[in-house]
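Here's the letter readout for the chains.
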Amino acid sequence: MVDYQTRRAAAGSQTLRVNPIACTGHGVCAELLPELISADEWGYPIIDPRPVPPALEAEARKTVAACPALALRLVRG
Amino acid sequence: MTAVTAEDRTARTDPRTPGLPRLLPRTPEDLRAHLARHGRLPYRGHPGLLIGDVKAAGLTGRGGAAFPTYRKLAVVAQARGRPVAIANGAESEPASHKDALLLRTAPHLVLDGLQLAAEAVGAAEARLYLHRGASHEVLRALAERAAAGTDRLEVTVAEAPPRFLAGQETALVSRIDGGPALPRFGLPRVSERGVGGAPTLVQNVETLAHIALIARYGPRWFRAAGTAAEPGTMLATVYRPDGQCTVFEAAIGTPLRDMLPDLAGTQALLAGGFHGTWLAAPRAAQLTLDNETLRRHGASLGAGVLAALPPDRCGLGEAARVARYLAAESAGQCGPCFNGLPRIAAAMAELAGPKPRSRTRQDAERWAALVTGRGACHHPDGTVQFVRSALTVFAPELDAHQRGRCSASNRRPFLPLPDGMPATEEDWV
């Protein structure tokens, strides 16, 4: 996990973050957005810490909305 | 450098650092003895005023994270709402005894620090967070102060469950709010929204005791001990290779050999405790008691635990016991920690035994990488730090085990672990 509290990125860019307590390892996110999310051997998401590329922003939003545990978020920076 | 052991409470003073001990009196002090030695509480009369002194002193948190204390004070003081100030005495690391000793011998110094820190942030409430069955000296000290009217804020005692993560800041807030002592995830920080939604200052009890001294004697006095980067003294729980445990008050920057004269002849040093780092003994014997030096070697002071493993013990066996404890102490809230730590512990148990499978070490390394940075709290990362450094420092022993041999001649456990393993959900409250 990148230290999201101090991390600075280009203005306007967004990053995916998972709340590891809320996450139940459904694996929906890794299926919908394999470009940025993979599942570990127990089914929990490993998320690309870099900003979401503009071309994937719409997909990322859809993936966030699809998380059954509401554990995935897009955060600024 | 001053040593206080369970058997011998006579403090010894190292002539090279005048003015020690600062924190630990020769015998436990009641309110009268405490006031005779240090004088009355130097309330500043207004919030904020003490923060500049704490900044000039360069005090850092003594609970393990070594965060600059003035910054925490300043954030809480500036946050919206009336803050809550909490003294964290839930020393949950089984190998650490320094907070318990401080609460037993100098409870008034800690309680002074709590009052002064509370005033500095403008707190409306003060709490003291302690383990069940904590020293009755500190409870008696609270009663003495209530009778004498020394405290401006009444202090409420809150009880911590006997769990490794009970003193973790967000777990502490959850417990004081009436819930289980489980870590929470994400923003806002407790300094902005903690207990009951109020800005919350959580300070380790040793940090508060230093604040009580800085308020009286000033930043220049504080900086007369320690290094320029890390001023002051600190309490350290030191395990000698013969198993004897001593709490030292030492100036930061003191050579580790001053506390462990036979360090070079031991096997390895565990620095920082169960979330800490194993260092090979010849290297450790050259180091000093400060983060600047230890971090260059991948280690840190943590909460001040130093354990010198004697040559007759199996380092892998010790690491496996602790890894099993740490896996059992996972809050079980985050998938990678819940799944990864028991697997890492099982791999360590196999590596500590005869003829481990050749892929077990790679499994342990893979799981270690997989859980790092993926918990709501620091527990998986701290566990990985401990396990990885064990695999590095005890690599020759690992080779021996793979050939079916163990170099240990003494099977008695060295590092202290609590009796039995916590098992039930209620243990979190």
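Along each chain, residue indices are assigned from 1 in the same order as the chain's sequence is written. The order in which chains are written sets their letters, starting at A; the order in which ligands are written sets their numbers, starting at 1. Local features are withheld for residues below a pLDDT of 70 in this predicted model, meaning they are given only at 70 or higher, and side-chain atom pairs are given and counted only at 80 or more; totals for whole chains, interfaces and linings count all residues.

Description of the overall build of chain B
Step number 1: Segments assigned H or I by DSSP are reported as helices when at least four residues long, segments assigned E as strands when at least two residues long, and all are numbered from the N terminus. Along the backbone of chain B there are 16 helices and 10 strands.
Step number 2: Taken over C-alpha atoms, the radius of gyration comes to 21 Å for chain B, in line with the 22 Å a tight globule of 429 residues would show.
Step number 3: C-alpha atoms of chain B, sized along the principal axes, occupy 70 × 50 × 35 Å.
Step number 4: Residues with at least 20 other C-beta atoms within 10 Å of their own are called buried, those with 12 or fewer are called exposed, and the rest are partly exposed. The C-beta atoms themselves are positioned from the backbone. The proportion of buried residues among the 429 residues of chain B is 55%.
Step number 5: Two residues qualify as a contact pair if the distance between their C-beta atoms, derived from the backbone, is within 7 Å. Within chain B, contacts between residues separated by at least 24 positions form 71% of all contacts whose residues are at least 6 apart in sequence. Radius of gyration here uses only the C-alpha atoms, and the compact-globule reference equals 2.2 Å multiplied by the residue count raised to the power 0.38.

Focus: the sheet that holds strand β2 (residues 84-89) of chain B
Residue and element names in this part refer to chain B.
Step number 1: Strands are labelled as partners when DSSP assigns at least two bridges between them. Taken in spatial order, the four strands of this open sheet run β4-β3-β2-β5, and their pairing is parallel. The open sheet has two edge strands with one neighbour each: β4 (155-160) and β5 (200-204). Ignoring which end each strand starts from, the neighbouring axes of this sheet average 25 degrees apart.
Step number 2: By the bridge criterion, six bridges tie strand β3 (residues 125-131) to β4 in an arrangement that is parallel. If you follow H131 over to β4, its bridge partner there is A160.
Step number 3: Along the sheet, helix α5 (residues 107-121) makes contact with β2, β3, β4 and β5, crossing β2 at roughly 150 degrees. Working convention: axes come from line fits to C-alpha atoms, limited for helices to the stretch in contact. Angles between N-to-C directions cover 0 to 180 degrees.

A word on the domain arrangement of chain B
Residue and element names in this part refer to chain B.
Step number 1: Domain delimitation in this document rests on an assignment produced automatically or drawn from a domain database. Here chain B is described as being made up of domain 1 (15-222) and domain 2 (315-413).
Step number 2: A separation of 34 Å is found between the C-alpha centroids of domain 1 and domain 2.
Step number 3: The interface is formed by eight residues belonging to domain 1 together with six residues belonging to domain 2.
Step number 4: For this scheme, ten residues count as nonpolar: Ala, Val, Leu, Ile, Met, Phe, Trp, Tyr, Cys and Pro. Four count as charged, namely Asp, Glu, Lys and Arg, and the remainder, Gly too, count as polar. Class assignment of the residues belonging to the side of domain 1 that touches domain 2 gives a composition of five nonpolar, one polar and two charged.

Concerning the interface of chain B and chain A
Step number 1: Listed per partner, the contact involves 12 residues of chain B and nine residues of chain A.
Step number 2: In terms of residues, the side of chain B that touches chain A owes the most to one element, helix α13 (residues 335-352) of chain B, which gives three residues.
Step number 3: For the side of chain B that touches chain A, the residue count by class is five nonpolar, six polar and one charged.

So, the pairing of β2 of chain B
Residue and element names in this part refer to chain B.
Step number 1: Burial of β2 is extensive: six of the six residues sit out of reach of the surface.
Step number 2: Here β2 shows a buried face lined by V84, I86 and N88 and a second buried face lined by A85, A87 and G89.
Step number 3: Bridge analysis of β2 against β3 gives six bridges, and the strand direction is parallel. Looking at the pairing, I86 lines up with R127 of β3.
Step number 4: In this structure, β2 lies alongside β5, joined through five bridges in parallel fashion. For A85, the partnering residue across the bridge sits in β5 and is L201.

Digging into the packing of helix α3 (residues 69-78) of chain B against α5 of chain B
Helix packing geometry: the angle between the two helix axes and the distance between the axes.
Residues and elements named next belong to chain B.
Step number 1: Between α3 and α5, whose axes approach to 8 Å, the crossing angle comes to 50 degrees. What the angle tells us is that α3 and α5 run oblique. Contacts from L73, V76 and A77 in α3 reach A117, A120 and V121 in α5.
Step number 2: Here the contact of α3 with α5 is composed, by residue class, of six nonpolar, no polar and no charged. Throughout, the term roughly parallel applies to angles under 35 degrees, roughly antiparallel to angles over 145, roughly perpendicular to angles from 65 to 115, and oblique to all others.

Thoughts on the packing of helix α4 (residues 98-105) of chain B against helix α8 (residues 205-222) of chain B
Residue and element names in this part refer to chain B.
Step number 1: Relative to each other, α4 and α8 sit at 45 degrees, their axes nearing to 9 Å. Classified by the interaxial angle, the pair formed by α4 and α8 is oblique. Contacts between α4 and α8 involve K98, D99, L102 and L103 from the first element and V205, E206 and A209 from the second.
Step number 2: Of the residues that constitute the contact of α4 with α8, the class distribution is four nonpolar, no polar and three charged.

Considering the nonpolar core
Step number 1: Ranked by internal contacts, the top residues of the largest apolar core, which has 134 residues, are V110, L114, A117, L269, I344, M348 and V387 of chain B.
Step number 2: Shared between two domains, this core holds at least three residues of each, these being domain 1 (15-222) and domain 2 (315-413) of chain B. Nonpolar core, as used here: buried Ala, Val, Leu, Ile, Met, Phe, Trp, Tyr and Cys residues forming one set through C-beta atoms within 7 Å.

Overview of α13 of chain B
Step number 1: An ideal rise of 1.5 Å per residue puts 26 Å on 18 residues; α13 of chain B measures up with 26 Å between its terminal C-alpha atoms.
Step number 2: Summarising burial for α13 of chain B: 13 of the 18 residues are buried, a large majority. Working rule for helices: expected span equals 1.5 Å times residues minus one.

A look at the environment of V138 of chain B
All names here are of chain B.
Step number 1: Its place among the elements puts V138 in helix α6 (residues 136-148).
Step number 2: The class of V138 is buried, set by 24 C-beta atoms lying within 10 Å.
Step number 3: Between the alpha carbons of V138 and R104 there is a distance of 6.4 Å; along the sequence they are 34 residues apart.
Step number 4: Look past the residues within four positions of V138 in its chain and what remains in contact with it is L103 and P107.

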